[in-house]
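Residue-level structural notes
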Amino acid sequence: MQTFDLAAQGLRALNSTLHGLKGQTNQTAWEIINPKGAHAIAVGLDAPVDVTVRGSTGYYCAGMNKQATVRVKGSAGPGVAENMMSGTVIIDGDASQYAGATGRGGLLVIKGNASSRCGISMKGIDIVVHGSIGHMSAFMAQSGNMVVLGDAGEALGDSLYEARLFVRGSVKSLGADCIEKEMRPEHLALLADLLKRGEADHLAKPEEFKRYGSARKLYTFNIDNASSY
C-alpha cells in the first residue's frame, strides 16, 4: 500500500504520480490521506490500480476514470466520476449534483444519497444509488443503467433516450417522454447483477423495483431511424 499525504505533497504531485502508473505497475494499491475536500482528486486515471481516499472530496473526483477502482471513504462534491470510461468508483457517503454525468462506461456506486441531475447525459455508465436521488436525474440519458434503492425527485428521465432506470421507492414526477415500463425477466436478471455489483444485493430484491424508460415520442427521436446514428 502506497500512502500519499495530500495536505503535505499537494494535488498536482498526486495526479502526476497516479498518471505515471502503467498497466504493469506493482504499485497497485494507493491510500490518499488528508483530502480535506480538495477538487479533482484522482482524475484521469488509466491503470488497473485501487485508490482509497480517506475523507470527503470536492469537485470532479475520479473524473474520466479508466480501469481504476476509486473508493471515497466519505462524501463527494459535484461531478464525481464525470465522463467515466471504465473501472469502478465507490462513494461511501453522499454525492453532490451531476454525479456520473456523461459517463460512458464503468460502475459508479453511491452508498448514500445523490443530489440533482445524477446521471445527466449518461452514455453507457451503470450507476447504483443506495439512497435517493434529486430532481432532473437521468436528464437526456442516452444509454446505461441507473438503479435507485430509495426515491427519485422531480422530472426523472426528462428527454431520455435508451437508458434504463430502476427505482425501488417513489418517483415525485416523470420528465418529458419518460414512462413506466414492463419489468420483464431479462430486466430482473440485469437488475440482480447490478445490485450484486453495486454491493446492494443484501438491501433489496429485483422484484421490488419499477422500470422506467423512453416513450420514444419526442419529435426529435424516431426509433425507425435509430440505426442511422
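In this report, the structure presented in the accompanying data block is examined.

What counts and how
- Residues numbered from 1 in each chain as written.
- Predicted model: local features only at pLDDT ≥ 70, side-chain atom pairs only at ≥ 80, totals over all residues.
- Heavy atoms only, no water.
- Buried < 20%, exposed > 50% of the residue type's maximum accessible area, 1.4 Å probe, protein only.
- Helix = DSSP H or I, 4+ residues; strand = E, 2+ residues; numbered from the N terminus.
- Arc of directions from axis to C-beta.
- Contact = heavy atoms within 4.5 Å.
- Pairing = 2+ DSSP bridges.
- Axes fitted to C-alpha atoms, helices over the stretch in contact; angles between N-to-C directions.
- Core = buried A, V, L, I, M, F, W, Y, C linked by side-chain atoms within 4.5 Å.
- Polar contact = N/O pair within 3.5 Å; in protein donor to acceptor, adjacent residues only side chain to side chain.
- Expected span 1.5 Å × (residues − 1).
- Salt bridge = Lys/Arg side-chain N within 4 Å of Asp/Glu carboxyl O.

**A closer look at helix α2 (residues 11-19)**
Taken residue by residue, α2 has Leu14, Asn15 and Leu18 as its buried positions. Looking down the long axis of α2, one finds its buried residues gathered within 90° of arc, a one-sided arrangement. Residues of α2 that are buried in the fold lie against β1 (2-5), α1 (6-9), β2 (29-33) and β3 (50-54).

**Comments concerning the pairing of strand β7 (residues 123-129)**
For β7, a buried count of five out of seven residues is recorded, marking the element as mostly surrounded by other parts of the structure. The pairing of strand β6 (residues 107-110) with β7 spans four bridges and is classified as parallel. When the bridges of β7 are listed, valine 109 appears paired with valine 128. Two elements, β7 and strand β8 (residues 143-148), share five bridges in a ladder whose sense is parallel. Counterpart to aspartate 126 in the pairing with β8 is asparagine 145.

**Notes on the pairing of strand β4 (residues 69-72)**
Inspection of the sheet shows β3 paired to β4 by four bridges, in the parallel sense. Among the inter-strand pairings, aspartate 50 is bridged to a residue of β4, identified as threonine 69. Pairing of β4 with strand β5 (residues 88-91), which is carried by four bridges, proceeds in the parallel orientation. Its bridge partner lying in β5, valine 72 is registered against isoleucine 91.

**Section: the sheet that holds β6**
An order of β1-β2-β3-β4-β5-β6-β7-β8-β9-β11-β10 is seen for the eleven strands of this open sheet, with the pairing classed as mixed. Bordering the open sheet on either side are β1 and β10 (178-181), each of which pairs with just one other strand. Averaged over all neighbouring strand pairs, the angle between strand axes comes to 15°, with direction disregarded.

**Some details on the nonpolar core**
Counting 48 residues, the largest nonpolar core has Val51, Val80, Val89, Leu108, Ile133, Met146 and Leu165 as its most contacted members. The greatest single-element share of this core, amounting to three residues, is contributed by β7. Not counting chain neighbours up to four residues away, the residues in contact with leucine 108 comprise Val80, Ala81, Val89, Ile91, Ala99, Gly100, Ile125, Asp126, Ile127 and Val128. In this structure, Ile90, Val128, Val147 and Leu191 belong to the second largest nonpolar core, which totals 13 residues.

**Some points on the side chain of aspartate 126**
Note on placement: aspartate 126 falls in strand β7. The exposure class of aspartate 126 is buried, given its relative accessible area of 11%. Side-chain polar atoms of aspartate 126 contact the side chain of asparagine 145, separated by 2.9 Å. Among residues more than four places away in sequence, those in contact with aspartate 126 are Gly106, Leu107, Leu108, Gly144, Asn145, Leu194 and Arg197.

**Things to note about helix α3 (residues 185-197)**
Taking 1.5 Å as the rise per residue, α3 with 13 residues should run 18 Å; its terminal C-alpha atoms sit 19 Å apart, in good agreement. Along α3, the residues classified as buried are His187, Leu191, Leu194 and Leu195. For α3, the angular spread of the buried residues around the axis is 100°, confining them to a single face. Opposite its buried face, α3 presents the exposed residues Pro185 and Lys196, each directed more than 90 degrees away. A positive phi of about 55° marks glutamate 199, the residue just after α3.

**Side note on the pattern of salt bridges**
A complete count under the given rule lists eleven salt bridges for this structure. Lysine 66 is the partner of aspartate 46 in a salt bridge, and the nearest nitrogen-oxygen pair spans 4.0 Å. Of this pair, aspartate 46 sits in the loop between β2 and β3 while lysine 66 sits in the loop between β3 and β4; the two residues are 20 residues apart in sequence, bridging distant segments of the chain. A relative accessible area of 35% means that lysine 66 is categorised as partly exposed.

**Some points on the environment of glutamine 24**
Tracing the backbone through its elements, the reader meets glutamine 24 in the loop between α2 and β2. Spatially, the C-alpha atom of glutamine 24 lies 35 Å from that of alanine 189, the residues being 165 residues apart in sequence.

**Concerning the environment of leucine 203**
Examined against the element boundaries, leucine 203 turns out to sit in the loop between α3 and β11 (210-214). C-alpha separation for the pair leucine 203 and leucine 149, spaced 54 residues apart in sequence, amounts to 8.2 Å. Beyond its immediate stretch of four places on either side in the chain, leucine 203 contacts His130, Leu149 and Arg168.

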